[in-house]
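# A structural walkthrough
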Amino acid sequence: LEVARTKHMPYNLVLLDYLDRGDIEGVREYLKESGALMRQGSLASFCKNQTANAVFRIASRYAEMAGVDFSVRADIPEELPLSGPETGALFGNLMENAREACGKMDAPFINVSAETRNGKLYLEIRNSVQGTVAFQGELPRTTKKIGGVGLASVESILSRHGGMMHCAQEGHIFITRIILLLEKSGRVETL
């Protein structure tokens with residue numbers, strides 16, 4: 001429960017929604033399911049960073065349950081310049097958005113790749129998406145009645161730490177690319 005409460009910000013928003021509606025039974029069920037997912041995925045190791053790894057484990061379990069082809073090839077270092085909650089919010093929001101987008105497809109997939117080079121983390125997430133994504137500025141416009149803060153939150157975290165994000169669509173593939181400075185003296189080039 002401590003992991004879910006402090007390191008997975010998007011999941012906290014789900015709990016907050018249940019509480020705002022006074023649905024205590026919903027909170028109880030959500031926590032039971034989340035705990036079961038964490039226990040089932042506890043052996044998977046996707047990267048060295050514990051928080052990102054935990055988010056990938058949870059995303060992997062959700063993907064498996066939903067029939068989503070999920071793959072991660074990530075060289076994410078143990079230490080990032082982000083706090084634990086920032087790391088959880090960044091990766092959690094990205095995984096949640098990818099899961100929601102690809103869940104509407106016949107052959108859904110999420111592919112995550114990350115590598116570290118020249119003092120920077122390069123992250124790319126490719127997921128299936130149905131239809132054409134509308135953009136508002138540089139971010140995709142939300143289709144949810146209540147929402148649209150996930151990628152704005154990611155962008156805010158990145159800007160505080162000298163990183164940047166670029167989103168694009170190529171056919172039925174949505175692509176999110178991120179560069180994060182791992183060293184304070186570096187500079188991020190254009191994506």
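Residues numbered from 1 in each chain as written. Predicted model: local features only at pLDDT ≥ 70, side-chain atom pairs only at ≥ 80, totals over all residues. Heavy atoms only, no water.

## Things to note about the nonpolar core
For clarity, the cut-off: Among buried residues, the Ala, Val, Leu, Ile, Met, Phe, Trp, Tyr and Cys ones that are joined through side-chain atoms within 4.5 Å form a nonpolar core. The classification of residues rests on relative accessible area computed with a 1.4 Å probe and restricted to protein chains. Under 20% of the type maximum is buried, over 50% is exposed, and intermediate values are partly exposed. Each helix is a run of H or I in the DSSP string that is no shorter than four residues. Each strand is a run of E no shorter than two, and both are numbered from the N terminus. Here, two residues are considered to be in contact whenever any of their heavy atoms come within 4.5 Å of each other.
Within the largest apolar cluster, 39 residues are counted, with the highest numbers of intra-cluster contacts made by Phe56, Ile76 and Phe91. Elements supplying a minimum of two residues to this core: helix H4 (50-66), strand S1 (69-74), helix H5 (84-102), strand S2 (109-117), strand S3 (120-128), helix H6 (150-160), strand S6 (164-170) and strand S7 (173-181). A total of eight residues in this core trace back to one element, the largest contributor, which is H5. Those residues in contact with Ile76 that lie beyond four places of it in its chain are Cys47, Lys48, Asn49, Ala52, Phe56, Phe91, Ala114 and Leu121.

## Focus: the sheet that holds S6
Selection criterion: A pair of strands is considered paired only if DSSP assigns at least 2 bridges between the two. Orientation is described by axes fitted as lines to C-alpha atoms, over the contacting stretch for helices, and by angles from 0 to 180 degrees between their N-to-C directions.
In space, the five strands of this open sheet follow the order S1-S2-S3-S7-S6, with mixed pairing throughout. Every interior strand has two partners, whereas the edge strands, S1 and S6, have only one. Taken pair by pair, the neighbouring strands of this sheet meet at an average axis angle of 10 degrees, ignoring direction. Taken together, the eight bridges between S2 and S3 define a ladder with antiparallel strand orientation. By the bridge assignment, Glu115 is partnered in S3 with Tyr122. Here H4 sits on the sheet in contact with S1 and S2, set at roughly 160 degrees to S1. Sitting on the sheet, H6 touches S6 and S7, and the angle it makes with S6 is about 140 degrees.

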